[in-house]
Amino acid sequence: MKQENENIFGMVSLGSQNDIGKEFGVDSLEKACFAIKSGVTKQVDLGILTADNSDPSYFLGTASLGLGVTVNRYMENFVRKYPTLTRFEFIKPVLEIFGIYDAFSAKEVPTQLTLKYGNESFLNNFSLVVFNNTSFYAGGKKLNPDTTPYDGLLDCCYITSESFSRFLKIYSLYLKGKHTEEKDVKLIRASEFKIVSKEGVEIQTDGEIRGQYKEIDLSVKPKALRVIVHPTYAGGR
């Protein structure tokens, strides 16, 4: 990224969720190989994370805090203990619910954060904060329904539910794409965000937990990366 070169990024999407692969039509080995052979590309935005004045790191899909981190860790621990069970598709949503319950029970969420964007700044208790650069999150679902990696903006969805039962209701609506009208769900679109935490908060990008920080800056670099996409992919037109 620092060299501003014209390298082309291709991917073979073999992760457990494949959200980035779904975005670009390459969510299976066969589709990815066909796309790489075809050589069709799109110029897409790239998310930038700078935490506690560290060097920037980049993400193509999403950044998340709160339940995004705790549920991911819960599922990773389960996979390490019971690797053969994860081949069953039904286990993933079950693990998500158990992970959400575990986080609320352990009082890992909600967490108090200050969220800043544009001229806005407010303090609140957040159970989940997600910043989307690409459309899909947590296994192909759309938390921010209108996200596109071509507009030079990040889409933020935050949820302020303070109990497991309330969050579970939102989760059930989220699975149906009907969560956006709930009073404790907010959608924001901006080119830059800042998160401040007195105690420090963990953040993950594209499924990888990056660490715990007190100040986190998120921004977007427009059309920063040329990505190989499936020939039938219609995004960015």
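Conventions we followed
- Residues numbered from 1 in each chain as written.
- Predicted model: local features only at pLDDT ≥ 70, side-chain atom pairs only at ≥ 80, totals over all residues.
- Heavy atoms only, no water.
- Core = buried A, V, L, I, M, F, W, Y, C linked by side-chain atoms within 4.5 Å.
- Buried < 20%, exposed > 50% of the residue type's maximum accessible area, 1.4 Å probe, protein only.
- Helix = DSSP H or I, 4+ residues; strand = E, 2+ residues; numbered from the N terminus.
- Contact = heavy atoms within 4.5 Å.
- Phe/Tyr/Trp six-rings, centres within 6.5 Å; stacked < 30°, edge-to-face > 60°.
- Salt bridge = Lys/Arg side-chain N within 4 Å of Asp/Glu carboxyl O.

### So, the nonpolar core
Then, in step 1: Grouped together as the largest cluster of nonpolar side chains are 23 residues, with contacts concentrated most on Leu65, Leu115, Phe131, Phe193, Ile216 and Leu218.
Then, in step 2: Contributing elements (two or more residues each) for this core: strand 2 (41-51), strand 4 (62-66), strand 5 (111-117), strand 7 (128-132), strand 8 (154-159), strand 9 (185-190), strand 10 (192-205) and strand 11 (208-228).
Then, in step 3: For Leu65, the residues in contact, after removing those within four places along its chain, are Leu113, Ser127, Leu128, Val129, Phe131, Ile195, Val201, Glu202, Ile203 and Ile216.

### A look at the packing of aromatic side chains
Then, in step 1: Applying the stated criterion across every chain yields a total of eleven aromatic pairs.
Then, in step 2: A centroid spacing of 5.2 Å and a plane angle of 80 degrees characterise the contact between Tyr101 and Phe164, whose relative ring orientation is edge-to-face. Within this pair, whereas Tyr101 is found in helix 4 (residues 91-105), its partner Phe164 is found in helix 5 (residues 164-175), the two being separated by 63 residues in sequence.
Then, in step 3: Geometrically, the ring pair formed by Phe122 and Phe126 is tilted, given 6.2 Å between the ring centres and 40 degrees between the ring planes.
Then, in step 4: Taking the relative accessible area as the measure of exposure, Phe126 reaches 2% and is therefore buried.

### Overview of the pattern of salt bridges
Then, in step 1: For the coordinates displayed, the defined rule picks out nine salt bridges.
Then, in step 2: As a salt-bridge pair, Arg166 and Glu182 come within 2.8 Å of each other at their nearest N and O atoms. Residue Arg166 is found in helix 5, and its partner Glu182 is found in the loop between helix 5 and strand 9; the two are separated by 16 residues along the sequence.
Then, in step 3: Here Arg166 falls in the buried class, since its relative accessible area comes to 18%.
Then, in step 4: Across the pair Glu208 and Arg210 runs a salt bridge whose closest N-O atoms are separated by 3.8 Å.

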